[in-house]
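# Per-entry structural report
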Amino acid sequence: MNRHAQTPDHSWENDAVWKLLDAAAPITAGPRFVDDTLRAMRLAADEKPWWQRLLSPAPLAGLAAATAALAFAIVPLTRLAPVTVVPVATQESSQAVAIQEIAETETLIAAVDHLDDFSDTELATLIGF
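Here we summarise the structure given alongside this text. (Residues numbered from 1 in each chain as written. Predicted model: local features only at pLDDT ≥ 70, side-chain atom pairs only at ≥ 80, totals over all residues. Heavy atoms only, no water.)

### So, the overall build of the protein
Quick reminder of the rule: Secondary structure elements are defined from DSSP: runs of H or I of at least 4 residues count as helices, runs of E of at least 2 residues count as strands, and each element is numbered from the N terminus. Accessible areas in this description were obtained via Shrake-Rupley with a 1.4 Å probe; residue shielding takes into account the shown protein chains only.
Across its full length, the protein holds six helices and zero strands. The helix and strand sequence of the protein, counted from the amino end, reads α-α-α-α-α-α. Surface accessibility of the protein: about 12500 Å² in total, with carbon and sulfur atoms responsible for 65%.

### As for a nonpolar patch on the surface
Quick note on the threshold: A patch consists of residues exposed above 30% relative accessible area that lack any salt bridge, with like charges linked at up to 9 Å and nonpolar side chains (Val, Leu, Ile, Met, Phe, Trp, Tyr) linked at up to 5 Å. A pair is scored as a salt bridge if a Lys or Arg side-chain nitrogen falls within 4 Å of a carboxyl oxygen belonging to Asp or Glu. Exposure classes here rest on a 1.4 Å probe applied to the protein chains alone. A residue is buried below 20% of its type maximum, exposed above 50%, and partly exposed in between.
Taken together, the side chains of Phe-33, Val-34, Leu-38 and Met-41 define a hydrophobic patch exposed on the protein surface, amounting to about 410 Å² of accessible area. The class of Leu-38 is partly exposed, set by a relative accessible area of 37%.

### What to know about helix H2 (residues 33–46)
This is how the line gets drawn: Between the first and last residue of a helix there are one fewer steps than residues, each counted as 1.5 Å, and that sum is the expected span.
Taking 1.5 Å as the rise per residue, H2 with 14 residues should run 20 Å; its terminal C-alpha atoms sit 20 Å apart, in good agreement. Where burial is concerned, little of H2 is hidden: zero out of the 14 residues are buried.

### Things to note about the pattern of salt bridges
This model, assessed by the stated rule, comprises one salt bridge. Salt-bridge contacts for Arg-32 lead to Asp-36; the nearest nitrogen and oxygen are separated by 3.6 Å. For Asp-36, a relative accessible area of 43% puts it in the partly exposed group.

See the structure below:
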């Protein structure tokens, strides 16, 4: 029994796959290989990708006609009586502004009392930066 391991040769020439490929018999192309390949390429070149078939003139014309029909169906439905906008009384809006200012002031006072509870971003947002 040999206890000394032999040093393996790690070069690519001694790889098992290459040895199998070297032992395989070469395969030659048939006499019509070139003709068959060119014919397959010509047939594949005639086929359009799905997105070109979708965007060709015939489907686009159908899509345009369907869109026009839909638009003509919806336009008469949208002609309703005009909506009149009634302005809000200025007294109510000034009261809302005053309440908003009081709420913002109270929030800032609460934030000053508890600075550790807020991140820098939240404090900057409260201040208005």
